Amino acid sequence: MQDIDYFQKALHEFNDGNWYGWKTHDSDGNKIPNADRMTYANIKVIKDGASIPSEADVNAKIQEIKDAETAATNKKASGKQKLKDLGLDDAEIKALTGA
C-alpha cells in the first residue's frame, strides 16, 4: 500500500470519516498541481464541526495502521506454521484457510 493510501486511511479515522478534501489553490491563488494536492498542508475541512488533527496525530495513526497490518500478517504466518507443525501440508492448509 502506498503512503498516500495510509495517509487517507488515517485521515478517515478522525472526525467520523469523510470530513476532509484537498485545497485546489494556495494562499496566493496559484493552482496546486493534482500530484501535489494530497498533503497535510493542503487538507481542507468540508464537514461542519470537523477539525484538522495535528500532523503528529495523523502520523501516529498511520503508524498504528501499519503496525496492525504487520501484526495481522505475522499472525497469519504464525498460524500457518503451527498448522504445519501439526502435520498439515500446504494443500490442506490452503483448503482450511483459503490462502
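Above this text is the structure in question.
Residues numbered from 1 in each chain as written. Predicted model: local features only at pLDDT ≥ 70, side-chain atom pairs only at ≥ 80, totals over all residues. Heavy atoms only, no water.

Engineer: Teacher, can you tell me more about the overall build of the chain here?
Structural biologist: Helix and strand counts for the chain come out as four helices and two strands. What you see for the chain is a C-alpha radius of gyration of 20 Å, clearly larger than the 13 Å of a compact globule of 99 residues, by over 25%. Along the three orthogonal principal directions, the C-alpha set of the chain runs to about 65 × 25 × 20 Å. Taken over 99 residues, the chain has a buried fraction of 21%. In the chain, 46% of the contacts between residues at least 6 apart in sequence involve partners at least 24 apart. (Helix = DSSP H or I, 4+ residues; strand = E, 2+ residues; numbered from the N terminus. Rg over C-alpha atoms; globule rule 2.2 N^0.38 Å. Buried < 20%, exposed > 50% of the residue type's maximum accessible area, 1.4 Å probe, protein only. Contact = heavy atoms within 4.5 Å.)

Engineer: How do you make sense of helix H4 (residues 90–97) when you look at a structure like this?
Structural biologist: Since there are 3.6 residues in each turn of an α-helix, residues three or four apart along the chain are aligned in direction. Of the residues flanking the start of H4, the one acting as N-cap is Asp89, its side-chain oxygen 3.1 Å from the backbone nitrogen of Ala91. Trailing H4 by a residue or two, Gly98 shows a phi angle of about 80°, which is positive. (Polar contact = N/O pair within 3.5 Å; in protein donor to acceptor, adjacent residues only side chain to side chain.)

Engineer: What is the right way to read the pattern of salt bridges from this model?
Structural biologist: For side chains of opposite charge, pairing can occur when their charged atoms come near one another. Applying the stated rule across the entire model yields three salt bridges. Put simply, Glu69 and Lys9 hold a salt bridge, and the shortest N to O gap is 3.3 Å. One end of the pair, Glu69, is in helix H3 (residues 55–85); the other, Lys9, is in helix H1 (residues 3–12), and 60 residues separate them in sequence. The partly exposed category is assigned to Lys9, whose relative accessible area is 36%. Between Lys61 and Glu64 there is a salt bridge, with the nearest N and O atoms lying 3.3 Å from each other. Remark: Glu64 and Lys61 occur in helix H3; sequence separation between them is three residues, near one turn of the helix. Accessibility expressed as a relative area gives 18% for Lys61, which makes it buried. Judged by relative accessible area, Glu64 falls into the partly exposed class, the value being 48%. (Salt bridge = Lys/Arg side-chain N within 4 Å of Asp/Glu carboxyl O.)

Engineer: What should I look at first to understand the nonpolar core in this one?
Structural biologist: The biggest cluster of nonpolar side chains holds 13 residues, and the ones touching the most others in it are Phe7, Leu11, Trp19, Ile43 and Val58. Elements represented by at least two residues in this core include exactly H1, strand S1 (20–22) and H3. With four residues, the single largest contributor to this core is H1. Sequence-distant contacts of Trp19, defined by excluding residues within four places in its chain, comprise Leu11, Phe14, Ile43, Lys44, Val45, Ile46, Lys47, Ala50, Ser51, Ile52 and Pro53. (Core = buried A, V, L, I, M, F, W, Y, C linked by side-chain atoms within 4.5 Å.)

Engineer: Could you clarify how one ought to interpret the side chain of Asn42 in this entry?
Structural biologist: Structurally, Asn42 is set in the loop between helix H2 (34–37) and strand S2 (43–45). Note on Asn42: relative accessible area 12%, which makes it buried. Setting aside its immediate chain neighbours within four residues, Asn42 contacts Gly21, Trp22, Lys23, Ile32, Asp36 and Arg37.

Engineer: What should I look at first to understand H3 in this one?
Structural biologist: When the terminal C-alpha atoms of H3 are compared, their 45 Å separation across 31 residues agrees well with the 45 Å that a helix rising 1.5 Å per residue should span. Residues of H3 that are buried include every one of Val58, Lys61, Ile62 and Ile65, and no others. Note on H3: the residue one or two positions beyond its end, Gly87, has a positive phi of about 105°. (Expected span 1.5 Å × (residues − 1).)

Such coordinate-based values are descriptive only and should not be taken to indicate function.
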